[in-house]
Protein chains: 2
Amino acid sequence: MTGPSRAEVEHLMTEVQESFCAATEELDGAGRFTTEPWERPGGGGGVTRILRSEGPVEKAAVNVSAVWGPTPDRLSESMAAAGRHFYATGVSIIVHPRNPHAPTFHANLRYFETDAGAAWFGGGADLTPVYLSRRDAVEFHRGLAEVCARHPVADYPTWKRQCDEYFFLPHRGEARGVGGIFFDHEADDLAALWRFVGDLGRSLTSLYLPVLARRVDTPYGEAETVWQERRRGRYVEFNLVWDRGTRFGLETGGRTESILASLPPRARWDSDEDPPEGSPERELLDLLRGDPVDWASVSI
Amino acid sequence: MTGPSRAEVEHLMTEVQESFCAATEELDGAGRFTTEPWERPGGGGGVTRILRSEGPVEKAAVNVSAVWGPTPDRLSESMAAAGRHFYATGVSIIVHPRNPHAPTFHANLRYFETDAGAAWFGGGADLTPVYLSRRDAVEFHRGLAEVCARHPVADYPTWKRQCDEYFFLPHRGEARGVGGIFFDHEADDLAALWRFVGDLGRSLTSLYLPVLARRVDTPYGEAETVWQERRRGRYVEFNLVWDRGTRFGLETGGRTESILASLPPRARWDSDEDPPEGSPERELLDLLRGDPVDWASVSI
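No experiment lies behind these values; they were computed from the predicted model shown. (Residues numbered from 1 in each chain as written. Chains lettered and ligands numbered in written order. Predicted model: local features only at pLDDT ≥ 70, side-chain atom pairs only at ≥ 80, totals over all residues.)

Our focus in this paragraph is the overall build of chain A. Assigned secondary structure in chain A consists of nine helices and ten strands. Scaling as 2.2 N^0.38, a compact globule of 300 residues should have a C-alpha radius of gyration of about 19 Å, and chain A matches this with 19 Å. Counting only C-alpha atoms and orienting by the principal axes, one finds that chain A spans roughly 55 × 40 × 35 Å. Across the 300 residues that make up chain A, the buried fraction comes to 46%. (Helix = DSSP H or I, 4+ residues; strand = E, 2+ residues; numbered from the N terminus. Rg over C-alpha atoms; globule rule 2.2 N^0.38 Å. Buried ≥ 20, exposed ≤ 12 C-beta atoms within 10 Å, placed from the backbone.)

Right under this line is the structure:
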C-alpha cells in the first residue's frame, strides 16, 4: 500500500496546528497565538505560531513547515537515501507553562521524501516536569501506549526507549524529562504509518492539555519559579547542544526565529548545589539521573 | 629560542587567576570567589573559581586547568600536529556585571603541546556590551593594541579581525559584541609569544576593570535588565551552539561545571520585535549587524 500524498500530509500538519492552538488558547484564556507565514528562499515555507501570555501558558510555539529543494550537503553525507532533492513537512509543538508544577510538553510529526525514492515518517511526544508528578508521567505514557496499541505498525516499547535515549544530556548525566515516544525513519508500511501519525497528531491535545489543566492552580512561590528557571536552563542546553533538528537547522541557515521558538521564555544558571535529601527538587534529580522508568506499568 | 617549560606556563595561568580574582573581589566589595580544585581522570586537573555576588559583579568565573593524556579522537582528526598524546594548560575568565551599562568581559590564554613535537599559544580578550559605550570599546581596543605594540610577535590588526570572525552568530547575523583580539595556533617564536602572553595576562585587570568600575553606578531600571537578559540569551546561544571550546569540552566528556561556568546567571528569549529607531537598543543591534568597526582608530 502506498503512503499519502504530500498535500494530504501537509493538510494534517496544518490541522494539528490549528486544533492544538485553539485548545491551548481556550485553556489559557488570556493570550492569543500570533500567526507568521514565511517563505524559504530555496523552496517552500511555513507558518510559525507563538503564544506569549500572562495566563497559565507562559509561552507556546506551534510551527508547521513544508520545504523542498536540493538536499543540503550535511544531510546527504549522513543518509544514503537522501537523494539529490528532498521534500520535508512537519509540525512541532512546545508548551512552557507558567506554573512550575505543570510539565513542559514537546511533540512533533515529520514526513520526509527524496528523489531517490525514499519516504519516511518520524515524530514523537515527551513530557519534561519541573516537579515530578508520578500521576502525570503515568497517564501521559499510558495515553501514548493506547494510541500505539491501536496501530500494529506502532511499537510503544521501542519508541519509548528511543525517546529516553534521545532526550538525554550526556554532559549532565540527566534525562531531559520523563520521556514519551520518539520514532524516526519509519518507512516499512507508509499507509499504516500515515494512519498512526494522524491518530497521534489528533490525540496530542487530549494527551497533554488535561495534565496542564489540573496543575495550573497549584500554589507556588518564588523558590519554585527559581527551580523552574534552572530546569529550563537544562532545556536550553539540550536544545542548543544536542538536539539534532535544532543544530541542523541553525548550521544550514534555517529560519532562526522558528527553530529557536522552542526555547523557554526565561532560564537561569546557578551554582549546582545539590538540593537536600527528601526535597521535591532532589526527587526529580534522582529520577532524571537514574535508569528510565517504565511509566506505563507503574500503578498509581 | 625555545619556549617556556610547562611549569612556567602553569605558574603564569595561576598567577593571572589569582590576580584577576583578587582585583575583581576588591571592585565588587560584596562577594568572594569559591575555589574548587578538580582532577581529570585521564590526567591533570584544574581549579574552578566562581563568584556570585549581590554587588556589581553578578557572576564571574576564572578557571585554570592543566590536562594531559592520549589525544581525543576528535582533536587528532582535526589537527595533523595533534600527536598521540597532548598537554594543554590555560586560564579562562568571564565577568557578567549586574549593571546593564557595564559590558561582559571574556578572556583566555591557552598553551598546547603534543608528543609530535608541536607547541603553540592561543588566547584573546573581548568585550560584549548590552548598551553600547563607544568610549569603552575604543579604550579597550586601544589597550589591547598597546599590549600588542610592545611585542613584534603580536599582530593586533590580524587578531582583531580574527576576533570579529570568531565571535559571530551566523544564525542571528550578529556579532557577539565589540570584539577584541583572538589568536590561535601561534607557534612561530615560542619564546617571544611567551613574553607576549605573560604581558597580556598581567594586563587583563587594567584592560577591563576600569571599564567596569565607571559603569557600576549608572542608573538603570527593569527595562534595561530585560534587555540585558535578552542579550545574555544571545551569549548562551553563541557559547552552546558555536563556541569551539565549549562544544569540544561537552562532546568529549569535559568537566561540565567548569565549561558552563561561562553562562550568564539569567537569560531570556522574547519575541524579537525590533527596538524603535533612535533607541539605544536599536543602536547596539545596528552596530552588531553591521561591518566590524576599527575601534582603535575611532576618535572619542
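If you rotate chain B by 180° and push it 0.0 Å along the axis, it lands on chain A with an RMSD of 0.0 Å. Overall, the copies show the geometry of a two-fold rotation axis. Both copies share a contact surface, since 100% of the interface residues of chain B are interface residues in chain A too. (Least-squares fit on C-alpha atoms with pLDDT ≥ 70 in both. Contact = placed C-beta atoms within 7 Å.)

What follows is about the interface of chain B and chain A. Between chain B and chain A, the residue contacts involve 21 residues of the former and 21 residues of the latter. Of all the secondary-structure elements, those providing two or more residues to the side of chain B that touches chain A are strand E2 (44-52), helix H6 (222-242), helix H8 (256-259) and strand E10 (266-268) of chain B. For the side of chain B that touches chain A, the element with the most residues is H6 of chain B, which contributes four residues. A class-by-class count of the residues in the side of chain B that touches chain A yields eleven nonpolar, three polar and seven charged. Bridging between strand E10 (residues 266-268) of chain A and E10 of chain B involves three bridges; their strand directions are antiparallel. Its bridge partner being in E10 of chain B, Ala267 of chain A is matched across the sheet by Ala267 of chain B. (Nonpolar A, V, L, I, M, F, W, Y, C, P; charged D, E, K, R; others polar. Pairing = 2+ DSSP bridges.)

Think of a sheet as strands paired side by side through backbone hydrogen bonds, with each pair either parallel or antiparallel. All names here are of chain B. One open sheet accounts for seven strands, arranged E1-E2-E3-E4-E5-E6-E9; its pairing is antiparallel. Strand pairing shows two members of the sheet lacking a second neighbour, strand E1 (34-39) and strand E9 (179-186), which therefore form its edges. In this sheet, adjacent strand axes meet at a mean angle of 10° when their direction is disregarded. Sheet analysis places E2 next to strand E3 (residues 57-70), joined by nine bridges and oriented antiparallel. Paired with Arg52 across the bridge in E3 is Lys59. Contacts from helix H1 (residues 6-28) reach E2, E3, strand E4 (85-97) and strand E5 (104-114), with the element oriented near 10° to E4. Where helix H5 (residues 190-213) meets the sheet, its contacts fall on E4, E5, strand E6 (119-128) and E9, and the angle it forms with E6 comes to roughly 15°. (Axes fitted to C-alpha atoms, helices over the stretch in contact; angles between N-to-C directions.)

What follows concerns the packing of helix H3 (residues 134-149) of chain B against H5 of chain B. Residue and element names in this part refer to chain B. It is at 10 Å that the axes of H3 and H5 come closest, and there the two elements cross at 165°. On the basis of their axis angle, the class for H3 and H5 is roughly antiparallel. In the crossing of H3 with H5, the sense of the turn from one axis to the other is right-handed. Contact with H3, carried on its side by Asp136, Glu139, Phe140, Gly143, Leu144 and Val147, involves Asp199, Leu200, Ser203, Leu207 and Val211 of H5 and no other residues of that element. (Parallel < 35°, antiparallel > 145°, perpendicular 65-115°, else oblique. Left-handed = near helix turned anticlockwise from the far one by under 90°.)

Attention now moves to the sheet that holds strand E5 (residues 104-114) of chain A. Residues and elements named next belong to chain A. One open sheet holds the seven strands; their spatial order is E1-E2-E3-E4-E5-E6-E9, and the pairing between them is antiparallel. At either margin of the open sheet sits one strand with a lone partner, and together these are strand E1 (34-39) and strand E9 (179-186). Shown here is a sheet whose adjacent strand axes are inclined to one another by a mean of 10°, direction ignored. Each of strand E6 (119-128) and E9 is contacted by helix H3 (residues 134-149), which is oriented at about 160° to E6, the strand it contacts most. Against the sheet, helix H4 (residues 156-166) makes contact with E6 and E9, and its axis sits at roughly 100° relative to E9, the strand it touches most.

The next subject is the confidence of the model for chain A. Considering every residue of chain A, the mean pLDDT works out to 94; 97% of them sit at 70 or more. Interface predicted TM-score (ipTM) for the complex: 0.93; the corresponding pTM is 0.95. (pLDDT = per-residue confidence, 0-100.)

The biggest cluster of nonpolar side chains holds 143 residues, and the ones touching the most others in it are Ile93 and Leu204 of chain A together with Ile93 and Leu204 of chain B. Those residues in contact with Ile93 of chain A, other than ones at most four positions away along the chain, are Phe20, Val62, His106, Ala107, Asn108 and Leu204 of chain A. (Core = buried A, V, L, I, M, F, W, Y, C linked by C-beta atoms within 7 Å.)

Moving on, we come to unusual backbone geometry. Residue and element names in this part refer to chain A. Even without glycine at this site, His185 takes up a positive phi of about 50°. The topology assignment puts His185 in strand E9. A count of 12 C-beta atoms within 10 Å places His185 in the exposed class.

On to H4 of chain A, then. Residues and elements named next belong to chain A. Along H4, the positions that sit buried rather than exposed are Trp159, Lys160, Cys163 and Asp164. One side of H4 carries all its buried residues, which in axial view fall inside an arc of 145°. In this structure, H4 carries Pro157 and Glu165 as exposed residues pointing more than 90 degrees from its buried face. As for H4, its buried residues are in contact with E6, strand E7 (168-169), strand E8 (174-175) and E9. (Arc of directions from axis to C-beta.)

Here we take up the environment of Ala116 of chain A. Residues and elements named next belong to chain A. Tracing the sequence through the fold places Ala116 in the loop between E5 and E6. Take Ala116: there are 16 C-beta atoms within 10 Å of it, and that puts it in the partly exposed class. Between the C-alpha atoms of Ala116 and Arg84, which are 32 residues apart in sequence, the distance is 7.3 Å.

Take the pairing of E6 of chain B next. Two faces belong to every sheet, and in a regular strand the side chains alternate between them. Residues and elements named next belong to chain B. With eight of ten residues buried, E6 lies mostly within the body of the structure. Sheet topology note: the E5/E6 ladder contains ten bridges and is antiparallel. Note on E6: the bridge partner recorded for Thr104 is Thr128. The hairpin turn running from E5 into E6, its antiparallel successor, is four residues long, and Gly117 in that turn takes a positive phi close to 95°.

Here the focus is the environment of Thr114 of chain A. Checked against the element boundaries, Thr114 of chain A lands in strand E5. When the C-alpha atoms of Thr114 of chain A and Tyr87 of chain A are compared, they prove to be 6.2 Å apart, with 27 residues separating the residues in sequence.

With that settled, the discussion passes to the environment of Arg176 of chain A. Residue and element names in this part refer to chain A. Among the structural elements, Arg176 can be located in the loop between E8 and E9. Its 26 C-beta neighbours within 10 Å are what place Arg176 among the buried residues. Remark: the alpha-carbon pair of Arg176 and Pro129, spanning 47 residues in sequence, is separated by 8.8 Å. The residues touching Arg176, leaving out its near neighbours within four places in the chain, are Thr128, Phe167, Phe168, Leu169, Arg234, Tyr235 and Phe238.

What follows deals with the pairing of E2 of chain B. Residues and elements named next belong to chain B. When E1 meets E2, the two strands line up antiparallel, connected through six bridges. For Glu39, the partnering residue across the bridge sits in E2 and is Gly45. Taking the residues that link successive antiparallel strands as the turn, the E1-E2 hairpin has four residues, and the phi of Gly43 there is positive, at about 135°. Between the antiparallel neighbours E2 and E3 lie four residues.

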